[in-house]
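# Overview (structure and organization)
Spelled out, the chains give:
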Amino acid sequence: MEETYRILFCGRAEQCRAIDASMHGDGTRYFVTTVFWRQAPVDLIGRAVRSGAPFDVAVVTAEWLKADAPTLLQPMLDADPRLPVILQMADAGTGHDPVLSDRLMLVPPDDARTRQLVVALASARRAEEARQNAESQLASSHRAYQLVSLEFQRQNRRLQEQEERLRVQKELFETALNNMSQGLCMFDASGALVVCNRRYLEMYGLSDELVAPGIALGDILAERRRVGNFDDDPQRYSAEMAAAMAEGEPHNVLSTTDERTILIVNQPMAGGGWVATHEDITERFKAEEQIRYLARHDSLTGLPNRAAFRDEMEHALANLRAADTLAVLCLDLDYFKNVNDTLGHLIGDKLLCAVTERLRERVGPGDTVARLGGDEFAILFPGGGPSPAGVLAQRLIAGINQPYEIDGHHVVVSASIGLAFSPGDGATSEQLLRNADMALYRAKSAGRSAFRFFEAAMDAQLQARRLLELDLRKALDNGEFELLYQPQINAATEVVTGCEALLRWRHPVRGLVSPADFIPLAEEIGLIVPIGDWVLRTACAEAASWPVPISIAVNLSPAQFKSRTLIDSVVAAVIQSSLEPSRLELEITESVLLHDNEATLALLHELRNYGIRISMDDFGTGYSSLSYLRSFPFDKIKIDRSFINDLSGQGGSSAIIKAVAGLGRGLGIMTTAEGVETREQLELIRAEGCTEVQGYLFSPPVPAARLMDIVTGGFTATAEAA
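Residues numbered from 1 in each chain as written. Predicted model: local features only at pLDDT ≥ 70, side-chain atom pairs only at ≥ 80, totals over all residues. Heavy atoms only, no water.

### Focus: the side chain of D617
Mapping D617 onto the fold places it in strand β23 (residues 613-619). Buried within the structure, D617 lacks any salt-bridge partner; K638 is the closest side chain of opposite charge, at an N-O distance of 4.6 Å. Excluding its chain neighbours within four sequence positions, the residues that come into contact with D617 are N555, E587, I588, T589, K638 and E674. (Helix = DSSP H or I, 4+ residues; strand = E, 2+ residues; numbered from the N terminus. Buried < 20%, exposed > 50% of the residue type's maximum accessible area, 1.4 Å probe, protein only. Lys, Arg positive; Asp, Glu negative; His and termini not counted. Salt bridge = Lys/Arg side-chain N within 4 Å of Asp/Glu carboxyl O. Contact = heavy atoms within 4.5 Å.)

Next comes the structure, spelled out in structure tokens:
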């Protein structure tokens, strides 16, 4: 195709006409655009570039450049960054470099030579453009290839990632499926197996070669029947299952083959078929049975518990005929706490089991023995009136009272029993148990190892005790307690050395209530701790105000030692009263040391470190008094009044007092004889070596003012206490 060269010529008019005429004589096609004076070529160049048909060469004459457009050359070059410019200069061949730059050339004003140079420059420009276009197309093709390659790689990676996700999901599915604790299998609408897990195969001893996808449920059941863990008809069962699943409702089956309990849950699927889970609940079933058993039985003895015994009573009462009698016996072991405290709870538990066996051996086949809690048992005796029930109670007491040999220990306990009868003593299980329990309380109060029948008066006594409890709960806030003080006398000089603070309750209606009535009750209902705290604070405050610095003794209950506030209570009482700690003497009994011996001894040592003195009260009435003297440095031993009362008899009390007094001298411990009421007792105690005495011979418990009269004014002991 013949080339057409586009030329921009800037010169005078005659020069433009001449160049235009000269461009058509060599057979080459030229498209010449001429610019006369006062015409701006920059806009022409810009439009040509924007139209996509830029000028190949610009020819500028010296006359044009000098005359009208000396400042347009650079804008022309800027308008088309690739446009070469030929300057026709008269002196171009006289020593000047014809190439001024890569786009600007000098030539003489020769049209033929200019035409040749135009063709050469235009061809070179077009070749360069063609090269650049080719490179651009190649670069575009390369970019397109790269984009296609990247997209292919991206799609390939996405497919690989999808495959990896599917592989991981498949592994997770298989892992989850085969690590389920239940067996799982899925069947389609026709009853053919879709999938099952390893647990399902293991549960029924099936092989994965036989139980493969597509096998019918009936064939699986037939194989299970051959193995021996399915005893139903396979075809009938599979037909019934398919029919049940077709109804779209879940279907559960509890299978109890080969000594296992299997729960099968069949869940229909929306598109037909179903999923079945097989869970071996044998252990859970046994555990639930055990829980149900334990809910109604004592875990230690295996006997029915209170709830089961109450249900048995309700059943017996509901079926009791008019002429029949139902006896309820409440039995409690006497001194069982001593066994626990001295020999430990393990021996105590074994004793309870041994007692249970003796009870079972001595009741009839229609009787019910239950453990209500702790050391309390109950017996339901249908058809038993007072006479046969009394015989049964005697038989039970006699059996339980026989000694026990447990882990090398010779253990002796007794039993107390309370009896109530229906319909006479109550028509409901609650009434019968309550009344039998009241009769038991009476049996224990009567000396233990006995039985008592319920009497209506017992209920009145129980109500009286409840009223006393209500009053006792208000007594401290109402200021009804007071302290009396009984002097302690030097046995040799008969001078007051101290006193014991004794609590009294002055009720506004009842009058003076005996400590024997309210102290055990306060310990039982948990009031002894705040009451004991009041006694400590009051006794210390009063003693600190006395003109003579005698000692003050305060009794501590075992319940106070179980409280974590005892140390704080004692220290606060001493500090608040400004009492010298050595004047305070705390009296404890052996029962305090029976419970948590090590912790109690640590607490006693801490009290003694404050300078407070500790004495052992009622010495000689327990089992381990001597061992306690060895484990703790007591400041005083108080000999129980029971030995003093028997001084004139043949019971050996004199020898015991002499031994205790000698023991005290050897250990550097003071000894105080309690309950001294006669001059004869005083002389005997002096002779045996006791250092102190206390009793009505010198003074009963008196108010603080009277005590000070005795301390400062003295007294004369009576010959005999009234």
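### With respect to the sheet that holds strand β13 (residues 376-382)
Strand order in the open sheet formed by 5 strands is β12-β13-β11-β16-β17, and the pairing between neighbours is mixed. Strand pairing shows two members of the sheet lacking a second neighbour, β12 (368-373) and β17 (451-453), which therefore form its edges. Going from strand to strand, the sheet's axes swing by 20 degrees on average, the running direction of each strand aside. Pairing analysis gives 9 bridges linking strand β11 (residues 326-334) to strand β16 (residues 414-422), with the strands arranged antiparallel. In the strand pairing of β16, L329 is matched with L419. Set on the sheet, helix α12 (residues 345-362) makes contact with β11, β12 and β13; between it and β13 the angle comes to about 10 degrees. (Pairing = 2+ DSSP bridges. Axes fitted to C-alpha atoms, helices over the stretch in contact; angles between N-to-C directions.)

### Some words on helix α1 (residues 13-22)
For α1, the full list of buried residues reads Q15, C16, I19 and S22. End-on view of α1: buried residues confined to an arc of 135 degrees, all on one side of the axis. Pointing more than 90 degrees away from the buried face of α1 are the exposed residues R17 and A21. (Arc of directions from axis to C-beta.)

### Remarks on the pairing of strand β6 (residues 183-187)
Every other side chain in a regular strand lies on the same face of the sheet, so the side chains alternate between the two faces. Burial within β6 is extensive, with 4 of its 5 residues counted as buried. Two elements, β6 and strand β10 (residues 274-280), share 5 bridges in a ladder whose sense is antiparallel. Bridging across to β10, G183 finds its partner in H278.

### Let's talk about the packing of helix α19 (residues 566-577) against helix α21 (residues 597-609)
Remark: α19 packs on α21, axes separated minimally by 11 Å, with the N-to-C direction vectors making an angle of 15 degrees. Judged by the inter-axis angle, α19 sits roughly parallel to α21. Every pair of crossing elements has a handedness; the one defined by α19 and α21 is right-handed. Here L566, I567 and V570 of α19 come into contact with α21, specifically with L603, E606 and L607. Its residues placed into classes, the contact of α19 with α21 shows 5 nonpolar, no polar and 1 charged. (Parallel < 35°, antiparallel > 145°, perpendicular 65-115°, else oblique. Left-handed = near helix turned anticlockwise from the far one by under 90°. Nonpolar A, V, L, I, M, F, W, Y, C, P; charged D, E, K, R; others polar.)

### Here we look at the sheet that holds β10
A sheet is described by the order of its strands in space; here 5 strands give the open sequence β7-β6-β10-β9-β8, paired in antiparallel fashion. Of all strands in the sheet, those with a lone pairing partner are β7 (193-196) and β8 (251-255), marking the two edges. Each neighbouring strand pair of the sheet contributes to a mean axis angle of 15 degrees, computed without reference to strand direction.

### Notes on the nonpolar core
Counting 80 residues, the largest nonpolar core has L472, Y485, W546, I552, L584 and L586 as the members making the most contacts within it. With sequence-adjacent residues up to four places away left out, W546 is seen in contact with Y485, C499, I552, R583, A704, L707 and M708. Residues A327, L396, A415 and L419 belong to the second largest nonpolar core, which totals 32 residues. (Core = buried A, V, L, I, M, F, W, Y, C linked by side-chain atoms within 4.5 Å.)

### Let's talk about the confidence of the model for the chain
Low pLDDT means the predicted coordinates in that region are not meant to be read closely. Per-residue pLDDT for the chain averages 85, and the proportion of residues at 70 or more is 91%. This model gives residues 717-722 a pLDDT under 50, and the stretch forms 11 contacts once residues within four places in sequence are excluded. (pLDDT = per-residue confidence, 0-100.)

### Looking at the environment of L536
Secondary-structure assignment places L536 in helix α17 (residues 528-544). Considered as a pair, L536 and V554 are 18 residues apart in the sequence and their alpha carbons are 6.9 Å apart. When near neighbours in sequence (up to four residues on either side) are disregarded, L536 contacts V554, L556, S569, V570, A573 and L586.

### Regarding the pattern of salt bridges
Using the criterion set out here, one finds 33 salt bridges in the structure. Residues K444 and D334 are paired through a salt bridge, measuring 2.7 Å at the closest nitrogen-oxygen approach. In this pair, K444 is assigned in helix α14 (residues 429-445) and D334 in strand β11, connecting sequence segments 110 residues apart. Owing to a relative accessible area of 0%, D334 belongs among the buried residues under this scheme. With a shortest N-O distance of 3.1 Å, R686 and E683 are connected by a salt bridge. In this pair, R686 and E683 both sit in helix α25 (residues 679-688), 3 residues apart, roughly one turn of the helix. Each of D332, D334, K444 and R448 takes part in a single network of salt bridges with overlapping partners.

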